[in-house]
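Chains, contacts and geometry: an overview
Here is what each chain is made of, one letter per residue.
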Amino acid sequence: MKKVLLIIFPLFLSGFLFSQKKTPAKKLRVIPKFNYHEEFKKISDEIFLHGTAYDNLGELTKGIGPRFSATPGYTKAAEWAEKKLKEAGAENIWKQEVKVPIWIRGKESLQIKTSSGDWKSIKMLSFGNSEGTKGKDLVGDILLVKDVQELVNLRVADAKDKIIFVNYPIDPTVISTVDSYMIAAKSKLISASVIGQKGAKALIIRSLTTASDDIPHAKQVYYEPEDKTRIPAMTIGVRSADELESLLKKTTVKAKINMSAESKGETINHNIIGEIPGKKDSKVIVLGAQLDSWDFAEGAHDDGTGVVQCLEVLRTFKALGYDNNHTIRVVLYANSENGGMGRETYAMSVKKKEEKHVLALGTDSGGYSPRGFSLDMSPQRRKLIFEWKNYFLPYGIYDFDQTYAIQDIAPLKKLDIPLAEMVVDTQRYFDYHHSEKDTFDKVNKRELLLGAVAMSQFVFMIDKNW
């Protein structure tokens, strides 16, 4: 009997196993929660058919105009922003106090002449926060400095009581205009402190612009605490700069500067903040743009376009009825142009409250055609976003390789918050940047809306996957 069982049992077992192999287990079919291509199309259609960003930009630039820190223009812009956040669907809206410098440009003039000529006026702009001449004429011989090595070799005896003129152009061979601008902007050549420490009594620079006209472009001054004297600093247009250099090669040129610019302490402006609370948790996806502009400029590309695109993201989520997992928050920063206190104040608040932020997305490179997103975050996070490229490609979004985030979200990096910044085609941006030419008519409606589309799609992906 045992022998029979020993024979029958293996046969039975092998038959059982064989029959099991013939009917394999069913594979579980993973059903995606979202068809991302369809969701991207919904976002795009909503914005191109019903988007309000372009009209909002017209209101901000033409209805309010310049909105420099500590001016009535900024107060009007802040009131407008609160109203627009409510219209966009923000459920929580509040103002965050920011201490900002009071700087008044006042009257300003620059004249030059040779020994055989008369005084000739040159259009100029004082650096933001620059010291003035107290309304008195400051006269001196102009000394040309063209590169850093010349500055290093410049003796105090040579620079003393001179007005230093720096004709240092943005490098046209650098394809990324943002990179070329940053290289020039960080140069010691255009530091009033460095020039002042050499004994000079004023600084004139060639405007940091890609344009070839004669419109001056503003810049902020930085003085070091140890500066014994804070010298006046100003910019002139590129044509005037080249003409002045040509003149200096032939003869001695004097400058007469009169600036009533002055600082008058501090006052309170506000960051304007609005959000749609998360349905799953209170973690924050923050979108940031600067609300202020220079005192002479509409600030259309810098950064009115960013402001209205952030508003459009909120409006789009509400219009499409998305239940966002995380809180989507818009922060419109005060005092970006001449101090940066808005961004510092917000970052300090996040740290104090120990608010968890999933991501911070900035936009401050103009309302031009979007090309991608710069990702300042861990390699693991970057890899997750790389996997979404195919969803973005139909909208012309392909560049996810850059790693900088230099706008108003930058202080959040110290809190280990992943940062992203919208990358746009900036070839024309520095034609208008920080100048009186940065006006509403320079913004193309379709490019502006496409940027809002890309931002909304990006926020959607972050909200659903992180």
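Residues numbered from 1 in each chain as written. Predicted model: local features only at pLDDT ≥ 70, side-chain atom pairs only at ≥ 80, totals over all residues. Heavy atoms only, no water.

- In the nomenclature of an unreviewed UniProt entry, the chain corresponds to Carboxypeptidase Q from the organism Chryseobacterium luquanense.
- For the record of the chain, the UniProt heading Subunit (unreviewed entry) holds the text "Homodimer. The monomeric form is inactive while the homodimer is active." (UniProt positions renumbered as here; feature names shortened; annotations may be inferred.)

Some points on the layout of surface pockets
- The calculated volume of the largest pocket comes to roughly 900 Å³.
- If you go around the largest pocket, you meet 34 residues; those closest to its centre are Y181, M182, A185, Y222 and R343.
- Put simply, the parts of the chain that give the lining of the largest pocket at least two residues each are α7 (177–185), α8 (192–197) and α14 (429–432).
- Classifying every residue of the lining of the largest pocket by side-chain character gives 14 nonpolar, eleven polar and nine charged. (1 Å grid on protein atoms, 1.4 Å probe; cavity = no way out; pocket = protein on both sides within 12 Å on 5 of 7 lines; lining within 4 Å. Points joined across faces, edges and corners; volume = space filled by probe spheres on them. Helix = DSSP H or I, 4+ residues; strand = E, 2+ residues; numbered from the N terminus. Nonpolar A, V, L, I, M, F, W, Y, C, P; charged D, E, K, R; others polar.)

Focus on the sheet that holds strand β1 (residues 92–104)
- Read from one edge to the other, the open sheet built from seven strands follows the order β1-β10-β12-β11-β13-β15-β14, with strand pairing classed as mixed. The two strands at the open ends of the sheet, each matched to only one other strand, are β1 and β14 (370–376). Sheet twist, expressed as the mean angle between neighbouring strand axes with direction ignored, is 20 degrees.
- Across seven bridges, the pairing between strand β11 (residues 284–290) and strand β12 (residues 327–333) is parallel. Of the residues in β12, the one forming a bridge with Q290 is Y333.
- Strand contacts of helix α4 (residues 72–88): β1, β10 (262–276) and β12, with the helix running at about 5 degrees to β10, the strand carrying the most contacts. (Pairing = 2+ DSSP bridges. Axes fitted to C-alpha atoms, helices over the stretch in contact; angles between N-to-C directions. Contact = heavy atoms within 4.5 Å.)

Section: the packing of α4 against helix α10 (residues 300–319)
- It is the contact of α4 with α10, at a shortest axis distance of 8 Å, that shows an interaxial angle of 25 degrees. When the axis of α4 is compared with that of α10, the two are roughly parallel. Contacts between α4 and α10 involve W80, K84, L85 and A88 from the former and V307, V308, L311, L314, R315 and K318 from the latter.
- Residue classes in the contact of α4 with α10 are distributed as seven nonpolar, no polar and three charged. (Parallel < 35°, antiparallel > 145°, perpendicular 65-115°, else oblique.)

Digging into empty space enclosed by the protein
- Under the counting rule described, the total for this entry stands at one cavity of 30 Å³ or more.
- Each pocket or cavity is described by its volume, and for the largest cavity that value is around 40 Å³.
- Lining the largest cavity are Y181, L208, H217, A218, K219, H433 and H434.
- For the lining of the largest cavity, the per-class residue count stands at three nonpolar, three polar and one charged.

Side note on the nonpolar core
- By size, the foremost hydrophobic cluster in this structure holds 92 residues, and its most contacted members are F373 and F458.
- If one sorts the elements of this core by residue count, helix α15 (residues 445–465) sits on top with eleven residues.
- Not counting residues within four places of it along the chain, the set of residues in contact with F373 comprises L361, F392, I397, D399, F400, E421, M422, V423, A454, M455 and F458. (Core = buried A, V, L, I, M, F, W, Y, C linked by side-chain atoms within 4.5 Å. Buried < 20%, exposed > 50% of the residue type's maximum accessible area, 1.4 Å probe, protein only.)

Examining the UniProt feature "domain: Peptidase M28" (unreviewed entry) in the chain
- Residues annotated in UniProt with the feature "domain: Peptidase M28" (unreviewed entry) correspond here to residues 271–448.
- Across residues 271–448, the secondary structure splits into 30% helix and 22% strand, with the terminal C-alpha atoms separated by 23 Å.

Looking at the pairing of strand β5 (residues 138–145)
- Examined bridge by bridge, β5 and strand β9 (residues 253–259) share four bridges and lie antiparallel to one another. Note on β9: the bridge partner recorded for L138 is I257.
- In this structure, β5 lies alongside strand β6 (residues 163–166), joined through four bridges in parallel fashion. Bridged to V145 within β6 is V166.

Side note on the pattern of salt bridges
- The tally for this structure, following the rule as stated, stands at 28 salt bridges.
- Here K42 makes a salt bridge to E39, at a shortest N to O gap of 3.5 Å. With K42 and E39 both in helix α2 (residues 36–50) and three residues apart, the pair spans about one turn of that helix.
- Under the relative-accessibility criterion, E39 is labelled buried at 9%.
- A salt bridge links R329 to E355, with the shortest nitrogen-to-oxygen separation between them at 3.0 Å. You can see R329 sitting in strand β12 and its partner E355 sitting in the loop between α11 (341–353) and β13 (357–362), a full 26 residues away along the chain.
- Overall, the relative accessible area of 25% leaves E355 in the partly exposed class.
- Members of the salt-bridge network, linked through shared partners, are E46, E312 and R315. (Salt bridge = Lys/Arg side-chain N within 4 Å of Asp/Glu carboxyl O.)

Focus on the environment of L244
- Mapped onto the elements, L244 comes out in helix α9 (residues 238–248).
- Relative accessible area serves as the criterion here: at 3%, L244 is assigned to the buried category.
- With residues near it in sequence (within four places) discarded, L244 still touches I112, I142, F165, I236 and V253.

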